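Residues per chain are reported as follows:
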Amino acid sequence: MTTALITGGTSGIGLGFARRFAAAGHDLLLAARNQPRLDRVAADLRRGHGVRVDAISADLATPDGCATVEKHLSACAVDILVNNAGLSLPQP
Ligand SMILES: NC(=O)c1ccc[n+]([C@@H]2O[C@H](COP(=O)([O-])OP(=O)(O)OC[C@H]3O[C@@H](n4cnc5c(N)ncnc54)[C@H](OP(=O)(O)O)[C@@H]3O)[C@@H](O)[C@H]2O)c1
(Lines give C-alpha, C1' and ligand atoms only; values in the text may rest on other atoms or scores of the structure.)
Protein backbone atom coordinates (compact mmCIF):
# COMPACT_ATOMS: atom_id res chain seq x y z
CA MET A 1 0.00 0.00 0.00
CA THR A 2 1.38 3.41 -0.94
CA THR A 3 0.67 6.78 0.62
CA ALA A 4 0.48 10.09 -1.21
CA LEU A 5 0.91 13.46 0.49
CA ILE A 6 -1.09 16.08 -1.38
CA THR A 7 -0.68 19.67 -0.26
CA GLY A 8 -3.77 21.71 -1.06
CA GLY A 9 -5.70 18.49 -1.62
CA THR A 10 -9.08 19.97 -0.71
CA SER A 11 -9.85 22.08 -3.78
CA GLY A 12 -9.22 22.43 -7.49
CA ILE A 13 -6.24 20.59 -8.94
CA GLY A 14 -5.18 19.10 -5.59
CA LEU A 15 -8.65 17.69 -4.97
CA GLY A 16 -8.53 16.20 -8.46
CA PHE A 17 -5.26 14.46 -7.57
CA ALA A 18 -6.72 13.29 -4.26
CA ARG A 19 -9.72 11.71 -5.98
CA ARG A 20 -7.57 10.02 -8.62
CA PHE A 21 -5.09 8.61 -6.09
CA ALA A 22 -7.88 7.45 -3.77
CA ALA A 23 -9.66 5.75 -6.68
CA ALA A 24 -6.40 3.93 -7.46
CA GLY A 25 -6.23 2.64 -3.86
CA HIS A 26 -3.55 4.91 -2.43
CA ASP A 27 -3.78 6.10 1.17
CA LEU A 28 -3.66 9.88 1.48
CA LEU A 29 -2.27 12.63 3.66
CA LEU A 30 -4.00 15.91 2.83
CA ALA A 31 -2.58 19.23 4.00
CA ALA A 32 -4.46 22.53 3.86
CA ARG A 33 -5.55 25.32 6.22
CA ASN A 34 -9.33 25.02 6.40
CA GLN A 35 -10.06 22.25 8.93
CA PRO A 36 -13.81 21.82 8.24
CA ARG A 37 -13.15 21.45 4.51
CA LEU A 38 -10.26 19.03 5.20
CA ASP A 39 -12.55 16.91 7.37
CA ARG A 40 -15.32 16.94 4.78
CA VAL A 41 -13.04 15.99 1.88
CA ALA A 42 -11.29 13.29 3.94
CA ALA A 43 -14.63 11.75 4.96
CA ASP A 44 -15.88 11.77 1.35
CA LEU A 45 -12.72 10.06 0.09
CA ARG A 46 -12.77 7.41 2.84
CA ARG A 47 -16.43 6.70 2.19
CA GLY A 48 -16.05 6.65 -1.59
CA HIS A 49 -12.86 4.63 -1.89
CA GLY A 50 -12.20 2.82 1.39
CA VAL A 51 -8.68 4.23 1.70
CA ARG A 52 -7.03 5.76 4.76
CA VAL A 53 -7.10 9.55 4.64
CA ASP A 54 -5.34 11.68 7.27
CA ALA A 55 -6.03 15.41 7.28
CA ILE A 56 -3.36 17.85 8.44
CA SER A 57 -4.43 21.41 9.16
CA ALA A 58 -1.38 23.55 8.38
CA ASP A 59 -0.55 26.86 6.74
CA LEU A 60 2.41 25.96 4.52
CA ALA A 61 3.32 29.63 4.16
CA THR A 62 4.49 29.58 7.78
CA PRO A 63 7.36 27.77 9.53
CA ASP A 64 4.90 26.39 12.11
CA GLY A 65 2.71 24.94 9.36
CA CYS A 66 5.68 23.28 7.68
CA ALA A 67 6.80 21.88 11.03
CA THR A 68 3.33 20.42 11.58
CA VAL A 69 3.52 18.53 8.29
CA GLU A 70 7.10 17.48 9.01
CA LYS A 71 5.98 15.99 12.33
CA HIS A 72 3.41 13.83 10.52
CA LEU A 73 6.08 12.71 8.04
CA SER A 74 8.25 11.40 10.84
CA ALA A 75 5.35 9.17 11.89
CA CYS A 76 4.49 7.62 8.54
CA ALA A 77 6.14 6.77 5.24
CA VAL A 78 5.12 8.81 2.21
CA ASP A 79 5.74 7.41 -1.27
CA ILE A 80 4.36 10.20 -3.44
CA LEU A 81 4.37 13.99 -3.02
CA VAL A 82 2.01 16.28 -4.92
CA ASN A 83 3.39 19.68 -3.92
CA ASN A 84 0.39 21.64 -5.12
CA ALA A 85 -0.74 24.12 -2.42
CA GLY A 86 -0.50 27.70 -3.47
CA LEU A 87 -2.18 30.49 -5.33
CA SER A 88 -1.69 32.43 -8.49
CA LEU A 89 -0.64 36.07 -8.36
CA PRO A 90 -2.19 38.13 -11.16
CA GLN A 91 1.02 40.00 -11.94
CA PRO A 92 4.15 39.46 -14.03
N1 LIG B 1 -5.95 26.72 -11.61
C2 LIG B 1 -5.06 27.09 -12.53
O3 LIG B 1 -5.39 27.45 -13.67
C4 LIG B 1 -3.58 27.07 -12.21
C5 LIG B 1 -2.67 27.41 -13.18
C6 LIG B 1 -1.29 27.38 -12.90
C7 LIG B 1 -0.87 27.00 -11.62
N8 LIG B 1 -1.78 26.69 -10.68
C9 LIG B 1 -1.28 26.29 -9.37
O10 LIG B 1 -1.85 25.03 -9.02
C11 LIG B 1 -2.06 24.99 -7.61
C12 LIG B 1 -3.54 24.69 -7.30
O13 LIG B 1 -4.36 25.65 -7.93
P14 LIG B 1 -5.92 25.55 -7.81
O15 LIG B 1 -6.50 26.47 -8.84
O16 LIG B 1 -6.32 24.11 -7.82
O17 LIG B 1 -6.12 26.23 -6.36
P18 LIG B 1 -7.37 26.20 -5.35
O19 LIG B 1 -8.58 25.56 -5.94
O20 LIG B 1 -7.47 27.58 -4.79
O21 LIG B 1 -6.83 25.21 -4.19
C22 LIG B 1 -5.71 25.57 -3.44
C23 LIG B 1 -5.50 24.49 -2.39
O24 LIG B 1 -4.32 24.81 -1.66
C25 LIG B 1 -4.66 25.02 -0.28
N26 LIG B 1 -3.81 26.10 0.18
C27 LIG B 1 -3.72 27.38 -0.29
N28 LIG B 1 -2.83 28.08 0.40
C29 LIG B 1 -2.34 27.23 1.35
C30 LIG B 1 -1.38 27.39 2.40
N31 LIG B 1 -0.78 28.56 2.64
N32 LIG B 1 -1.09 26.31 3.19
C33 LIG B 1 -1.71 25.13 2.98
N34 LIG B 1 -2.63 24.92 2.01
C35 LIG B 1 -2.94 25.97 1.21
C36 LIG B 1 -6.16 25.33 -0.27
O37 LIG B 1 -6.80 24.94 0.95
P38 LIG B 1 -6.96 26.00 2.18
O39 LIG B 1 -7.50 27.27 1.61
O40 LIG B 1 -7.87 25.28 3.15
O41 LIG B 1 -5.59 26.17 2.76
C42 LIG B 1 -6.64 24.40 -1.38
O43 LIG B 1 -6.74 23.07 -0.91
C44 LIG B 1 -1.62 26.35 -7.07
O45 LIG B 1 -0.28 26.22 -6.59
C46 LIG B 1 -1.69 27.26 -8.27
O47 LIG B 1 -0.79 28.34 -8.17
C48 LIG B 1 -3.12 26.71 -10.94
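As shown above, the structure is provided for reference.
Residues numbered from 1 in each chain as written. Predicted model: local features only at pLDDT ≥ 70, side-chain atom pairs only at ≥ 80, totals over all residues. Heavy atoms only, no water.

Participant: It is not clear to me how the site of the ligand should be interpreted in this structure. Could you clarify?
Facilitator: Around the ligand, 19 residues are found, and the nearest of them are Thr10, Ser11, Ile13, Arg33 and Asn84. At a separation of 2.7 Å, an oxygen atom of the ligand approaches a polar side-chain atom of Thr10. One nitrogen or oxygen atom from the side chain of Asp59 is found 2.8 Å from a nitrogen atom belonging to the ligand. Here the ligand, which alone exposes 890 Å², has 65% of that area covered by the protein. When its residues are assigned to classes, the shell around the ligand shows seven nonpolar, nine polar and three charged. (Near = heavy atom within 4 Å. Polar contact = N/O pair within 3.5 Å; in protein donor to acceptor, adjacent residues only side chain to side chain. Areas by Shrake-Rupley, 256 points an atom, 1.4 Å probe, with all protein chains shown as cover. Nonpolar A, V, L, I, M, F, W, Y, C, P; charged D, E, K, R; others polar.)

Participant: Just checking my understanding: could you explain the nonpolar core for this structure?
Facilitator: Core analysis: the biggest nonpolar cluster contains 16 residues, and Ile6, Ala18, Phe21, Leu28, Leu30, Leu45 and Val53 have the highest contact counts within it. Counting only elements with at least two residues in this core, the list comes to strand S1 (3-7), helix H1 (12-23), strand S2 (27-32) and helix H2 (35-49). If we ignore the near neighbours within four places in the chain, the residues touching Leu30 are Ile6, Gly9, Ala18, Leu38, Val41, Leu45, Val53, Asp54, Ala55 and Ile56. Counting six residues, the second-largest nonpolar core is a separate cluster that includes Leu29, Ala31, Ala58 and Val69. (Core = buried A, V, L, I, M, F, W, Y, C linked by side-chain atoms within 4.5 Å. Buried < 20%, exposed > 50% of the residue type's maximum accessible area, 1.4 Å probe, protein only. Helix = DSSP H or I, 4+ residues; strand = E, 2+ residues; numbered from the N terminus. Contact = heavy atoms within 4.5 Å.)

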